[in-house]
Each structure stands twice: as structure tokens, then as C-alpha cells.
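Here is what each chain is made of, one letter per residue.
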Amino acid sequence: MQRFSTLYKDLLTNRDTGSMVLAIATFLKDAPTEDRILALKLLCTQKQPALLSMKKLMQWGIAYKDLPEWIIKKCHATVGDWAETMSLVLGKPHVRLHMDGLAEFISHYHSIGKAEEPLKSFLHHQWETRSPNELFIIHKLLTGTLKPMYSKPQLSNIIHKIYGIDANLINLRLSQQTGVDFTFDQLIDPVWSDLELSTKPFVGQRPETIQLNLFHFADPTEWVVEDFIHGVLLQVHLHAGVVTVWDLHNDGIAEEWFERLKDLKLMPDHSVVDILVISEASSRADKMILIDIHRWAGTKKSALGSLERRKQILQDWSASINEPSYILLPHLPYEVWSQDQRQLSSGKGWLVKHKHSGQTRYRIKPPNHAAHLQLLYAEYLNQNSAIEYNLTLGARSGPTDFIPVCKVHSDQLPASDKMALYYWIQNNLVQRFGPVRSVRGGQIFTITYDRVEINNRVKAGLQLIHVQVIQRFESGAKSQEITSLENIKLLLQDQI
Amino acid sequence: MYSPDVSLSSIMLKTLLINTLPEENMTDLLKTPALLEYTPRGLYCLIADVYIDPHKPVTRAIITHGHSDHAIVGHRYYLCTPMTRAIIKFRLGSLIQVQDVLWGEPVYINQVRFSFHPAGHIPGSAQIRVEYKGEIWVVTGDYKTEVDQVSGTYELLRCNTLVTETTFALPIYQWQPQSLIVSDILAWYQQNLSVGRSSVLLAYALGKSQRLIANIPTDIPVYVHGSIHNTNDVIKAAGLKMRPSIKVGSRVDKKDIQKGITIAPSSVLNTPWIRSLVDPITAYISGWMTLNNNRKKQPADFGFALSDHVDWPALNEVVFGCGADQIWLTHGYTQDYAQWLTTKGLAAYCLQEGNRTSTIEALEEED
């Protein structure tokens, strides 16, 4: 108790982080084995059930010490905490001989239960023999008010600093996500136990474990778009030379993929790798795409270090590439990945990288539909660049009539096209005033869109979703080349 | 008007103090039953026309100890123990007129007998025993009953009226023995040493620092801030034996400081002085560090609850052991302790500016 009470007070009152870590390290080094794990649990989240109300503790303490209630209340007003107040009033400051264990003490008072008389005599004995520091902890434990000082990830980081064990693994174990109650030695064991592997810390099927050696990836800079993916999404957990493969969609993992995974180059321990396996149905069959690596933190994945760090890891891997059948995606934000999972599970889509964007971004998209639409209105944005417009494009609804079906931003066009479009709009304005200006016909764009949705609030009765401008036609295109509204409606009917 | 020379002998000065008593005070003497009275300038003995630890400039001041809230500059004559004399001459300037009195030696001022007795607070700290026509008052000043190695041993004096400090007069303040605190400090130092950090104790330059220096084992080098070093020199010159300490300066290798314990006043925090040390870690030494909240609020990294004041059990021992039938209270939790003593059947009064009667009435109303 003395050790834990000293540790708790040190952590509660000291301001130096290094010393706090040192205090925990000293405790873990000196304390009895059974106290270590219990102390760690008490320091993060585990609360002890209250056997006694603070009011009753105060009443018993006042009666024991023979002090008037007003002076205890005055003391509380000074201290600000009842457990501390009573410990200072009742404790024996010169005592420092108790070296009984925390676990031993807790099991002792739990055996007493909530019966008043035994509990009172137990407390009297404590008050006669304990120092204020110890009584502070005892009062907190008995009244169930011992507040956790750290979150589990914080404590995991501290243990990581002391023992060098991966903080993520410690966090998993402290959170009991592995479903196993640990001793302290098991907590700081860097290797997953059989019992842990037999439980389900992660989603998916029961894992199958294989030993891996090396894996090679294709040059990521070459890769832009993979079309028509039909894949199996795997999650690979690597720890201490052992790789556990999870089939997230329960589609079953082909034997050949296990063979391939055997060549996977080991990553830092406890990382999670999302791998997309492209099936034979694809034109580029037999490719494994490393989507991203994460750390597993509690119930969701988190980034493995900074973006720069992750890039560095992936670049290190890509340095050993000599087999072009594997593809490496340097970074895919997990949120985007989650959004795309539904689409991915449908089996078909596009994996798109914005090659010219500053950020390395990927999307898994459904197969696109293309259309040729005519520019109807140009909305001058008057923002940073004078040549930027919101373009309203229309489909053909008759020999000469056009109905707006979507809006796109001119920023999607190349710079040369944007400038040419700017001059064209200046020379072909029908309505010169107001932000939305109608233009003459003649500008036709090729666009792609993911799907069509019904929208009764617009004239066309439908709208195109995720429109992207692919190309601007040269002027002089014929109106017959423009997609008709009927054709788009047919697509809508197909979708329904 | 006579201006006494500092070289006058103590006997001559005693005579002067008595003779300069204003005549009108002699008549008041017959009317006033209280030997001491609390005035806006401080605790006042009307019969002797002398103040004890006045907090505004007066003609004659008896000083219990050298801390700045008890010994201020501006009095015409000071009367104190030899150690306090050396301290206040160092702190207030060598030109002040100070007379020293040995422990227990009586000083008569207009038939009032004053004597100085050890208070155990800091080096030279004294209680003032005031006796007149068989009535005895004791003004404790600041004091503690635990024996350290530098402040002398507190002497319990029997009296009719006790004027005591109540800085820590609540049951929550019960000090751990000095030996335990020192062992904690040494364990903390060893821990810092093992990770290559400089241990810096932040303590008041007069009293606490000397107490710490005296209690640190001689095999551990002690480094001190300049202000503490200078105070140590004064105290040593006044006759107190102290273990050697090294002044932190440009000639001292900072790596050597890392291996010892450094003592400095708390004002060094966030200054270039402390930043010049190798990876310093600080601990504040004060009785206020008993409470977790105080520890958290103070700017140092650690806190150790070591106090030079009397704690709750010792205060009660003194109050109930001195035989006084009335207790005057000053500093700290005066109201609460007065209420406590009232429940125990003692007459207790809080010293506040204004007349004493109103305070008593206020307490009675509370009861």
C-alpha cells in the first residue's frame, strides 16, 4: 500500500513528466507481482466498487477523532477533497512501515463486505496504523472515488517508454479487447499468446497464421488507375514475425494468396495492412494492392505515425521492388477507405488516383457513364481567379432545346482550356448582367458521372451525381453529338 | 533628543530605553489591565512603551526573529537575540540600532521584565516572555517544537496569557518527522542522480535553507544560491556551526552541481540562473505542500512538506501545556482556532487591527 500510495501521490501532484514515468517504472520494478497489473488498471480506468459512502466515512472519522464537525468542514474547505481531508486528520504521519501489497489489501477489504460493524473496526485499525498517504488511497478505494489518472493509450505509451513494448499492443490488452485477463508479465510480453490469437480482437473470420519472409511491390509512381476491380479485401496483422490474415468479407482466401503472403516483407510490429487482391476476372489479374498501413487502436484503425513517416516506410518497401505484379498505394486515408468499402463489396469499380493533385488521394469508384453536354450558363465566381466559372450543362431535349442537368466547376479543365473558355464566354454572352449569364450554344463538354438520381425540383426531373469534366470539345461541334435527355432517363430506368 | 551610538554597551542602552518612556503612558499604565495590546502598529506593551514584532516603524521594537514579516526596517531601536541581531543587520542594513540579549537574560523596561527564549523556528528565533507584577505573557512569534539542527530547541514557557501563531492551526496539518522528509528528499535526489538530472530544492533563504543544509549527509555536496550563501556567512559569523556549502557561480562546473543537491530560493524559477544548470528538476520545500492542491498549483516539479511552523498537535500541546487562561492568536487560522479553543473552555482572541473587544464580541456571536 505504501508503494502504491506514494506512486499515486507522486503522479497526482508532480509536474515533471519524466519523473512520473520514472515513478511508475520504480513501482513496477519494486512492487509485488500481483500489485503491478492491479495498479496499472487502477491508474487507467478500473474503478473499485464503493463499500462506504463518503458521508459515513466522515461521520465515523469525526466520532473516532473526537473533533467537532465544523472544524472538519473547515478542513475540507481548505483541502477540497473529503478523502484527503479525512486522511490528513486521521492519519499517523510518523508511520511508514506498512509494506503490505495493494492486491492483498483490496482482497482483504472485499472479504469484509459492506457490513457496517466489521467495516468500521477495519477502518479504525487502519486509522490507528496508517500514514495519511496510505489512508488517502484507502478512503478513495473504499468510497469508490479513486479517479483514474490516465487514459489507456496514455498509460500504454508510458509502459512503452519503460519496457519498449509496442504501445498499441499494451493498449489492446489493457482494454481487454483481446478478451484475456493478463498478469503483468503477460501484459509486457511482446508476442501474441495462443490464447489471444484464439480470440477475436479484430473483425472477420478466425485468423489463419502463416510465416512470411519477403514481399515486393511495384513502383507506385507508375500506377494511376486500375479498372474493374473484383477483389477480396484482406487485413493482415503483423506481429513478431507472425502474420495473421483476416478475410473481411468472408469470401474465402485462396491458397495461392497465402503462398503470396508468405513473401510479404515484415513491417513494424502490430501494424495492420489492408490488401486488395484483384481477381482473375480483371484484365490485370494476380495483383495485390497494398492500400495502407495503420496501427490498430481500440476499435478503429489509426495512422501509423505521421504521414511522412508512413510514406517513408512505404518508400523503403518500394525500394526493394523487382516484381511488377504488385502495386503499392502510398497513402489512402482511412475515412475514404471506409466510404469505398460498400462500393468495393459490390465487386466492380474504378480505383482512381488524382495524378496532378497535390495530395496523394485515391478513390474506388463505380464504372463511369459518359455524356456530351452543352454549356448553357456560366456563373462568374469572382474569386481568386477571374477565369473561373460554375458551368451549367444541358442535355438535348429536342432538335434545338436544351435542359440543364448538372453543374461543374471550370477548375477541372486544363489551364489552356480554361483561358480559351473564358474568352469564348466573353464573346458569346447573351445576358451580360448578373452572376449567372446565359451563353450561346456551341461549347460542348465530355463529362463522366457515377449515377443518375431523380430530382423533381429541377426542370429535367433528374440530376447527375459525381460529375467530372473530362474534355472540352473544340467549337463547332454539332448539336446531334450532344447526349439527349431521353438517353439519360433510360439509364435512370435501368438503375431503378 | 539623545541618539544612542551603536557602540554603546547593552546596559547603557537598556537604561536609555527605560528613560525614554513618555510620561503620559505612565498614567495610562494604571488604567489598562492588559500587559500587551494589539495596535495598528503591532503588539504593544503600554507600560514599557515597546512593541513586539511591529509591522510599522516604531521607536522601540523587540524582534522575535529575522524574517521580513517580523523584522522590518525603520524602527529606532531593535532588541533581539545575538543571532537575530546579525541577521537583521545583514538584511536591514548595518546602520540600524540593535541591542542583543542572551537567552533567558532579563531586560527590565519600566519594571516590565522581558526575556528571550528559544522558539525553534529559525536560527536566532525567540519567544518573548513578558512579566510584570507576577503576570506573565509569552509572545511565541513563529515557532516549532520539533528539533532541527540549526534553530535551537523550543522551550515551553508557563504563562497567564499566550500570544501564539496559528499559521497551520487546522487538524489537517500534522507534520511528518523531519527524518522521514529528509529521507524522501534524499531518495528523490538519488533518483534524479541516476538519470543525470540536477536536483534543486527551492526553500526560503533564511531558516529553511540552513535546516536543509544541516540535514543533508556530508558525503553529498551542497550547492547554494548566492543569497543563501551570503545568509550562511552571516549565520556562521554569528556562531552557528554549519557544514560547508558551495556557492553556484561561473567558476563551478555545472556537471559537478548535477552530482550534488542545490538549494535556492523559489525566485530562481524560470530565470537564467536555473536554466544554466544541467537538466534541473525542482522541488519546493514548504509546509503548504501537505495538501495535494497546493502541490499541484506551485510551479516547481515536486513538493516536500517540511515546515518551520508548529503543527496542529504541537500547537495544542503548547496551548494546553503552558497553563495560560487566555490565548491570543495571530497569523493564519485565528478564527477557527479561537472557536476550537472556546469549545475547550479557553478564552481565545484573534489579533486584528481595531480594538480587541469587537473581536471577542464577534466570536461570541458566532457561538
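Look up: the structure comes first, before these words.
Scoring rules and cut-offs
- Residues numbered from 1 in each chain as written.
- Chains lettered and ligands numbered in written order.
- Predicted model: local features only at pLDDT ≥ 70, side-chain atom pairs only at ≥ 80, totals over all residues.
- Helix = DSSP H or I, 4+ residues; strand = E, 2+ residues; numbered from the N terminus.
- Buried ≥ 20, exposed ≤ 12 C-beta atoms within 10 Å, placed from the backbone.
- Contact = placed C-beta atoms within 7 Å.
- Arc of directions from axis to C-beta.
- Pairing = 2+ DSSP bridges.
- Axes fitted to C-alpha atoms, helices over the stretch in contact; angles between N-to-C directions.
- Parallel < 35°, antiparallel > 145°, perpendicular 65-115°, else oblique.
- Nonpolar A, V, L, I, M, F, W, Y, C, P; charged D, E, K, R; others polar.

Considering the overall build of chain B
- Counting secondary structure elements, chain B contains 12 helices and 19 strands.
- With 367 residues in all, chain B has 48% of them scored as buried.
- Across chain B, contacts joining residues at least 24 apart in sequence account for 55% of those joining residues at least 6 apart.

Some remarks on the overall build of chain A
- A count of helical and extended segments in chain A gives 18 helices and 18 strands.
- In chain A, which comprises 496 residues, the proportion classed as buried is 35%.
- Put simply, of all contacts in chain A between residues at least 6 apart along the chain, 64% involve residues at least 24 apart.

Quick word on the interface of chain B and chain A
- Contact with chain B, which involves 23 residues of that partner, is made by 22 residues of chain A.
- When contributions to the side of chain B that touches chain A are tallied by element, the ones reaching two or more residues are helix H4 (178-194), helix H9 (292-297), strand E17 (302-304) and helix H11 (334-343) of chain B.

Quick notes on helix H10 (residues 312-321) of chain B
Residues and elements named next belong to chain B.
- When H10 is considered as a whole, its buried residues turn out to be Trp312, Ala314, Leu315, Val318 and Val319. All buried residues of H10 fall inside an arc of 165 degrees around its axis, so they share one side.
- Residues of H10 that are buried in the fold lie against strand E11 (161-166), strand E18 (326-332) and H11.
- Of the residues one or two after H10, Gly323 is the one with positive phi, at around 80 degrees.

Notes on the environment of Ser267 of chain B
- Mapped onto the secondary structure, Ser267 of chain B falls in the loop between strand E15 (261-264) and helix H8 (272-275).
- On the basis of neighbour counts, which here come to 13 C-beta atoms within 10 Å, the residue Ser267 of chain B falls in the partly exposed class.

Examining the sheet that holds strand E12 (residues 198-202) of chain B
Residues and elements named next belong to chain B.
- Taken together, 6 strands build an open sheet; the order of strands is E14-E13-E15-E12-E16-E17 and the sheet is parallel. The sheet is open, and its two edges are formed by strand E14 (246-247) and E17, each paired on a single side.
- Pairing geometry for strand E16 (residues 280-285) and E17, over 3 bridges, is parallel. Along E17, the bridge assignment pairs Tyr284 with Gly303.
- Across the sheet, H4 touches E12, E15, E16 and E17, and the angle it forms with E17 is around 155 degrees.

Thoughts on unusual backbone geometry
- Notably, Asp66 of chain A is not glycine yet its phi reads approximately 60 degrees, a positive angle.
- Position of Asp66 of chain A relative to the elements: it lies in the loop between helix H4 (54-65) and helix H5 (69-79).
- The class of Asp66 of chain A is exposed, set by 6 C-beta atoms lying within 10 Å.
- The backbone of Asn110 of chain B sits at a positive phi, close to 55 degrees, despite the residue not being glycine.
- Here Asn110 of chain B shows up in the loop between strand E7 (107-109) and strand E8 (112-118).
- Of the residues examined, Asn110 of chain B has 18 C-beta atoms within 10 Å and is grouped as partly exposed.

Quick word on the pairing of E12 of chain B
Residue and element names in this part refer to chain B.
- Within E12, 5 of the 5 residues are buried, which leaves the element mostly enclosed by the surrounding structure.
- Burial of the side chains of E12 extends over both faces: Ser198, Val200 and Leu202 are buried on one face and Ser199 and Leu201 on the other.
- By the bridge criterion, 5 bridges tie E12 to E16 in an arrangement that is parallel. When the sheet's bridge partners are listed, Ser199 is paired in E16 with Ile281.
- As defined by bridge partners, E12 adjoins E15 across 4 bridges and the pair is classed as parallel. Note on E15: the bridge partner recorded for Leu201 is Ile263.

A closer look at the packing of helix H1 (residues 2-13) of chain A against helix H9 (residues 132-142) of chain A
Residue and element names in this part refer to chain A.
- Closest axis-to-axis distance for the H1/H9 pair is 8 Å, and the angle between their directions is 85 degrees. The angle between the axes of H1 and H9 places the two elements in the roughly perpendicular class. Contacts from Gln2, Phe4, Ser5, Thr6, Tyr8 and Lys9 in H1 reach Asn133, Glu134, Phe136 and Ile137 in H9.
- Of the residues in the contact of H1 with H9, the class split is 4 nonpolar, 4 polar and 2 charged.

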